[in-house]
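Breakdown of the fold
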Amino acid sequence: MSAPAASDFARYLAAKKPIDDRALNRVVWDQAWSQLKGRDRLRILEVGAGIGTMIERVLEWTDLRQADYLALDSDPRWLVEARTRLVDWARRRGWRIRVPKEGELGLEGEGRSFHIRFLPADISAAMASASIEDRWDLVLAHAVLDLLDLDRILPPLVHSVKPAGHLLLTLNFDGATAFTPRLEGDLDLRVEAAYHATMDERRIEGRPTGGSRSGRAILERLPAAGAEVVAVGDSDWVVLPMQRMYRDGEEYFLGWMLDTVERAVRGRPEVSASALDDWISLRRRQLRQAELGLVAHNLDLAARRT
């Protein structure tokens, strides 16, 4: 299979926003934001900001009045999409939109004021910059740390917040992917095990990434990186057809996940080509008939710099 186009990936990120919205652990979310009450103007850094869905959540799910927000992502295309989405978000609500300079966006409305700067840069390299350290009240990382080298990224991530500052690390994959309905025999288990193995074998510049159990790996590494965990909880993806129908975006999301698994598993010894063909053919037929579901286990963590 060929790699997906950039426009397809942006559509996937948009399709999974409502799925992520349902999955996010609101107890962990509320615990993190409660620690920031009473501060005048928050400085927020998000690593792996993508198309800006977390910025939208901060605007919609919190009563934050003022913030300076740095959205960092390694791919400038997603940050362009993020700016477009946020401008549309503000226009729908009648907010004032300002563009102070290239790569920046000001949003004002309902007595609230947000200044957003979009920074396209390699995440690990940017976090190693001295200009990032000790600057932020809150650092956000959503569904991205499993793709990075945790030993390399967590210490600068923690030290990018001010002393006693906070981190909210959400949707960290943690070792379980299950398509439904389950099939007889062990084919589901072999496909899923092979898929997880590709995560554990993934390397960036010769170093491992967070892997298939990144949630618990982050939990274990945060103290050594200089942070105390203050809340942790499940944030599982649960996508199931209701009355043989999918909600907005779910069909595209499930199709993307099937394609991702097929690309990852194809050619691996755990699953023969013919067995994978049979599995993917059945799962795609179930998707067309609105019978396919997916449950994936993630962890959300809130932490404080010690």
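Residues numbered from 1 in each chain as written. Predicted model: local features only at pLDDT ≥ 70, side-chain atom pairs only at ≥ 80, totals over all residues. Heavy atoms only, no water.

1. Observations concerning the overall build of the protein chain
The secondary structure content of the protein chain amounts to 10 helices and 12 strands. Compactness check: the protein chain gives a C-alpha radius of gyration of 20 Å against a globular reference of 19 Å for 306 residues, within 12% of the reference. With respect to the three principal axes, the spread of C-alpha positions in the protein chain is 60 × 45 × 35 Å. Looking at the 306 residues of the protein chain, the share that counts as buried comes to 52%. Taking the contacts inside the protein chain whose residues are at least 6 apart along the sequence as the reference set, 81% of them involve residues at least 24 apart. As presented, the protein chain carries roughly 13600 Å² of accessible surface, and 50% of it is formed by carbon and sulfur atoms. Charge centroids of the protein chain, computed over 44 positive and 47 negative side chains, lie 4 Å from each other. (Helix = DSSP H or I, 4+ residues; strand = E, 2+ residues; numbered from the N terminus. Rg over C-alpha atoms; globule rule 2.2 N^0.38 Å. Buried < 20%, exposed > 50% of the residue type's maximum accessible area, 1.4 Å probe, protein only. Contact = heavy atoms within 4.5 Å. Areas by Shrake-Rupley, 256 points an atom, 1.4 Å probe, with all protein chains shown as cover. Lys, Arg positive; Asp, Glu negative; His and termini not counted. Charge placed at Lys NZ, Arg CZ, Asp CG, Glu CD.)

2. Examining the side chain of Ser 160
Looking at the element boundaries, Ser 160 is found in the loop between helix H6 (150-159) and strand S7 (161-180). Assessed through its relative accessible area of 0%, Ser 160 is described here as buried. Leave out the neighbours within four places in its chain, and Ser 160 touches Leu 45, Met 127, Ile 132, Glu 133, Asp 134, Arg 135, Trp 136 and Val 139.

3. Quick notes on the packing of aromatic side chains
Throughout the structure, instances matching the rule amount to 11 aromatic pairs. Aromatic pair Trp 95 and Phe 114: ring centres 6.4 Å apart, planes at 25 degrees, arrangement stacked. Of the two residues, Trp 95 is situated in the loop between helix H4 (76-93) and strand S3 (96-98) and Phe 114 in strand S5 (residues 112-120); the sequence distance between them amounts to 19 residues. When its relative accessible area of 6% is taken as the criterion, Trp 95 is described as buried. According to the relative accessible area criterion, Phe 114 is buried, its value standing at 3%. For the pair Phe 179 and Trp 279, a centre-to-centre distance of 5.5 Å together with 80 degrees between the ring planes defines the contact as edge-to-face. (Phe/Tyr/Trp six-rings, centres within 6.5 Å; stacked < 30°, edge-to-face > 60°.)

4. Side note on the environment of Val 295
Structurally, the position occupied by Val 295 is in strand S12 (residues 293-305). Residue Val 295 is classed as partly exposed on the basis of its relative accessible area, which comes to 31%. Linking Val 295 and Gly 215, residues 80 residues apart in sequence, is a C-alpha distance of 16 Å. When residues no more than four places from it in sequence are discounted, the contact partners of Val 295 are Ala 176, Thr 177, Ala 178, Trp 237 and Val 238.

5. Observations regarding the nonpolar core
Of all hydrophobic cores here, the largest spans 36 residues; its most connected members are Trp 237, Phe 253 and Trp 279. Of all the elements in the fold, those that place two or more residues in this core are helix H1 (6-23), S7, helix H7 (187-201), strand S11 (237-239), helix H9 (250-265), helix H10 (273-288) and S12. Looking at this core, the element that brings in the most residues is H9, giving 7 residues. In terms of nonpolar packing, the next biggest core, distinct from the first, is built from 33 residues, Ala 32, Val 87, Ala 90 and Ala 231 among them. (Core = buried A, V, L, I, M, F, W, Y, C linked by side-chain atoms within 4.5 Å.)

Read these as spatial facts, not as claims about activity.
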